[in-house]
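# Understanding the architecture of this molecule
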Amino acid sequence: MKARARAARTRVPIVGTALLAIAGLIATVAAGCGGGAGAAPKITTTARAGVAPVPPAQGAYFGAWVPEGTGLHSASASPSPSGSPSDSGSPSQSPSGSESPTPSGKDAGKPGMAPVAGFEQRLGRRLDIVQSYRGWKSDFPGGLEKSVADGNRYLLLTWDGGDTREIVQGEHDDLIAKRARAVKALGKPVFLRWSRDMDKATGQKSVHTAADFVAAWKHLREIFKRENVDNVAWVWCPTARGFSGANAGSYYPGDDQVDWICADAQPGADYDYRDLSEAVKLFMEWARGRHKPIMIAEFGVPRSYGPRRAEWLREAAKTLQDPQVKAVVYFNSDEQAKNARDKRRSYSVTGDKHATSALRELATTPYFNPRNLPVTSGG
């Protein structure tokens, strides 16, 4: 078992903020004080406050990816055959085990929201961010996206990337423009995470090179600008692991092109146990040089950690209380598992009483509740 390292961090005092940040955040956001890494740099964004998502003045938004079968049920769900999030954005898992009480609340009956509402009941609070996944050629927004936009939550729309060279050559301009208009028509702030994990070797057939990716990113942004889409915050999101060997930083399009910098930060199936602090260490070191808010997306604790999952989440809560971290998104899914016995790629806490309790502690910590949302005991 590889050694693990923990970075001791100091908790940061919190002041609640409104859903849409105050007008003073249009250009910069005041960073919180303290934290093990010291004060965060002055944070800049190209996004329009009150129209697109901007960081909270203090603390970090809490969100999750909650496919069907992980929000309502007490036992773990089976992974999807594809091993990846649903291309269409529809639920990708089948429930198993006994059900807990039907989720309540005004949003539970909206399209796509039952799993989210059930997950929120267990956490004892409403999510700040709800994530959805869409394939490159998929139509969106669908039921879930519309439901999220209709409520008091931010939508994190993860949109798979197409062939970067084809994009730059203009072969997909009509598709991009259509999607841009659809996002604009939602009329609510949207985090747009296009072509996540672009640094992975498995995606190089369509990503090609870092230069191709950067050119494609800029092409997309130009089309969205042409369509007058101003309710989008652009989230650039490689893997945290990519900073240890794949030169993930070379895919960065530039400070004028990115609103949030992000990393997918699962600890890695090749470790018997690894703290989140170690998994994100090199990414966080790189991010210190950028005047951007950080989002940690797709972080999760493997089921293979067994009784130590709660400990892992409590240590993660300390790591994530960093003054530059402004959003965290839990990957409550087992769909990356290769089969039902693959516990190293299964991250759902559903059915794990102790892990659920620890995640609830994280989610209800004031740092991760900057909007001062009501907190209940969970259930």
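Residues numbered from 1 in each chain as written. Predicted model: local features only at pLDDT ≥ 70, side-chain atom pairs only at ≥ 80, totals over all residues. Heavy atoms only, no water.

## A look at helix H7 (residues 276-287)
Taking 1.5 Å as the rise per residue, H7 with twelve residues should run 16 Å; its terminal C-alpha atoms sit 16 Å apart, in good agreement. In this fold, the buried residues of H7 make contact with strand E8 (260-264), strand E9 (294-299), helix H8 (309-320) and strand E10 (325-331). (Helix = DSSP H or I, 4+ residues; strand = E, 2+ residues; numbered from the N terminus. Expected span 1.5 Å × (residues − 1). Contact = heavy atoms within 4.5 Å.)

## Quick look at the sheet that holds strand E3 (residues 61-65)
Read around the closed barrel, eight strands run E3-E4-E5-E6-E7-E8-E9-E10, paired in parallel fashion. Averaged over all pairs of adjacent strands, the angle between their axes in this sheet comes to 25°, without regard to strand direction. Where strand E4 (residues 129-134) and strand E5 (residues 154-159) come together, six bridges link them in parallel fashion. By the bridge assignment, glutamine 131 is partnered in E5 with leucine 156. (Pairing = 2+ DSSP bridges. Axes fitted to C-alpha atoms, helices over the stretch in contact; angles between N-to-C directions.)

## So, the nonpolar core
Ranked by internal contacts, the top residues of the largest apolar core, which has 82 residues, are Phe62, Trp236 and Tyr330. Per-element accounting of this core gives the leading share, eight residues, to helix H6 (residues 210-226). Not counting residues up to four positions away in its chain, the partners in contact with tyrosine 330 are Phe62, Gly63, Ala64, Trp65, Phe299, Gly300, Val301, Arg309, Leu313, Tyr347, Val349 and Leu359. The next biggest cluster of nonpolar side chains, apart from the first, holds 18 residues, and it includes Val54, Phe191, Ala297 and Val329. (Core = buried A, V, L, I, M, F, W, Y, C linked by side-chain atoms within 4.5 Å. Buried < 20%, exposed > 50% of the residue type's maximum accessible area, 1.4 Å probe, protein only.)

## Quick look at the pairing of E3
Summarising burial for E3: five of the five residues are buried, a large majority. Across the two faces of E3 the burial is the same, with Tyr61, Gly63 and Trp65 and Phe62 and Ala64 all buried. As defined by bridge partners, E3 adjoins E10 across five bridges and the pair is classed as parallel. Within E10, the residue paired with tryptophan 65 across the bridge is phenylalanine 331. With two bridges joining them, E3 and E4 adopt parallel strand pairing. Each residue of the ladder has a partner; that of glycine 63, found in E4, is isoleucine 129.

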